[in-house]
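What the coordinates show
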Amino acid sequence: VSVKFCAESSVVARSSITPDENCILDLNVYAFRNGMLEDAAFVSRSNVTLNLYAGYSYNIYAAANMGHVEACVDESEFIENFAFHIAELNDLDGALPMFCCYQDLYIGGGAPSIDLDMQRLVSKLSLSIDKGALMEGLQVSSVRLCQCASVARPFKWSGKGGSRAE
């Protein structure tokens, strides 16, 4: 059966969020059944169709704004190795990387359409300093964010849930 997956950002738009932070430029969707890859697709838009067998449950993984990422045939290997690497700040220009995961999603007959509730994999921070609150003669020449993850594994769950960052 052809199953259409439609990605949409779960982030509520606010005035502080630029429009491109919620956009989806590309989408990877992977469907696993019994630990093995059944189908996968990469598209340059926010929806994709996979061909799956009706009457079975699947684990569905989706990743947006990360470019094309080949899937491993084995699900546990896929979960262990799927990662988004941040080498420099330019890697986060434009659309932010997002992900979604559904476990044991039952696919019935017909031609179902499933919404992918995408979540941001990273956060964008803006910092402003009230110069009037600084003591006279004191200047701020730089700000440093410490302990920032350079690798995020969205499908590798930590003990408390959520993705694991390294």
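Each chain carries its own residue numbering, running from 1 in the direction its sequence is written. Per-residue local features of the predicted model are confined to residues with pLDDT of at least 70, and side-chain atom pairs are confined, for both listing and counting, to 80 or more; whole-chain, interface and lining totals are unaffected and use all residues. As a rule here, side-chain values come from all non-hydrogen atoms in the structure, and water together with hydrogens is ignored.

Cysteine sulfur atoms that come within 2.5 Å of each other are treated as a disulfide pair. Taken as a whole and judged by the stated rule, the model has zero disulfides. The closest cysteine sulfur to the non-disulfide-bonded Cys101 is located on Cys100, 7.1 Å from its own sulfur.

Right, let's get into the environment of Asp104. Under the DSSP-based scheme used, a helix requires at least four consecutive residues in state H or I and a strand at least two consecutive residues in state E, with every element numbered from the N terminus. Mapped onto the elements of the fold, Asp104 is located in strand E7 (residues 98–107). The sequence separation of Asp104 and Tyr56 amounts to 48 residues, and the corresponding C-alpha distance is 8.7 Å. Contact between two residues is taken to exist if any of their heavy atoms lie within 4.5 Å; hydrogens are not considered. Ignoring any residue separated from it by four or fewer positions in sequence, one finds Asp104 in contact with Ser57, Tyr58 and Asn59.

Let us look at the side chain of Asn65. Tracing the backbone through its elements, the reader meets Asn65 in the loop between strand E5 (56–64) and helix H1 (75–81). A polar contact of 3.0 Å, which involves the side chain of Asn65, links it to the backbone oxygen of Cys23. Any N or O atom pair separated by 3.5 Å or less is treated as a polar contact, with the protein-specific requirement of one donor-capable and one acceptor-capable atom, and with residues adjacent in sequence counted only for side-chain atom pairs. Here Leu96 takes part through its backbone oxygen, which lies 2.8 Å from a polar atom of the side chain of Asn65.

To continue, consider the environment of Ile60. Secondary-structure assignment places Ile60 in strand E5. Separated by 43 residues in the primary sequence, Ile60 and Gln103 place their C-alpha atoms 6.5 Å from one another. In contact with Ile60, other than residues within four places in its own chain, are Phe5, Val29, Tyr30, Ala31, Cys100, Cys101, Tyr102, Leu105 and Leu116.

Right, let's get into the side chain of Asp26. Residue position: Asp26 is located in the loop between strand E1 (2–9) and strand E2 (27–33). Burial status follows relative accessibility: with a 1.4 Å probe on protein chains alone, a residue under 20% of its type maximum counts as buried, one over 50% as exposed, and anything between as partly exposed. Charge assignment: positive for Lys and Arg, negative for Asp and Glu; neither His nor the chain ends contribute. By convention in these notes, a salt bridge is any Lys or Arg side-chain nitrogen within 4 Å of a carboxyl oxygen on Asp or Glu. Here Asp26 is buried and forms no salt bridge, its nearest opposite-charge partner Arg45 lying at an N-O distance of 11 Å. A polar contact is formed between the side chain of Asp26 and the backbone nitrogen of Asn65, at a distance of 3.0 Å. Only 3.3 Å separates the side chain of Asp26 from the backbone nitrogen of Gly67, close enough to count as a polar contact. Excluding residues within four positions of it along the chain, Asp26 makes contact with Phe42, Val43, Ser44, Arg45, Ala63, Ala64, Asn65, Met66 and Gly67.

The next subject is the pairing of strand E3 (residues 36–43). A pair of strands is considered paired only if DSSP assigns at least 2 bridges between the two. Bridge count between E2 and E3: seven bridges; the pairing is antiparallel. By the bridge assignment, Val29 is partnered in E3 with Ala41. Taken together, E2 and the strand that follows it, E3, pair antiparallel across an intervening segment of two residues, in which Asn34 is found at a positive phi of about 55°.

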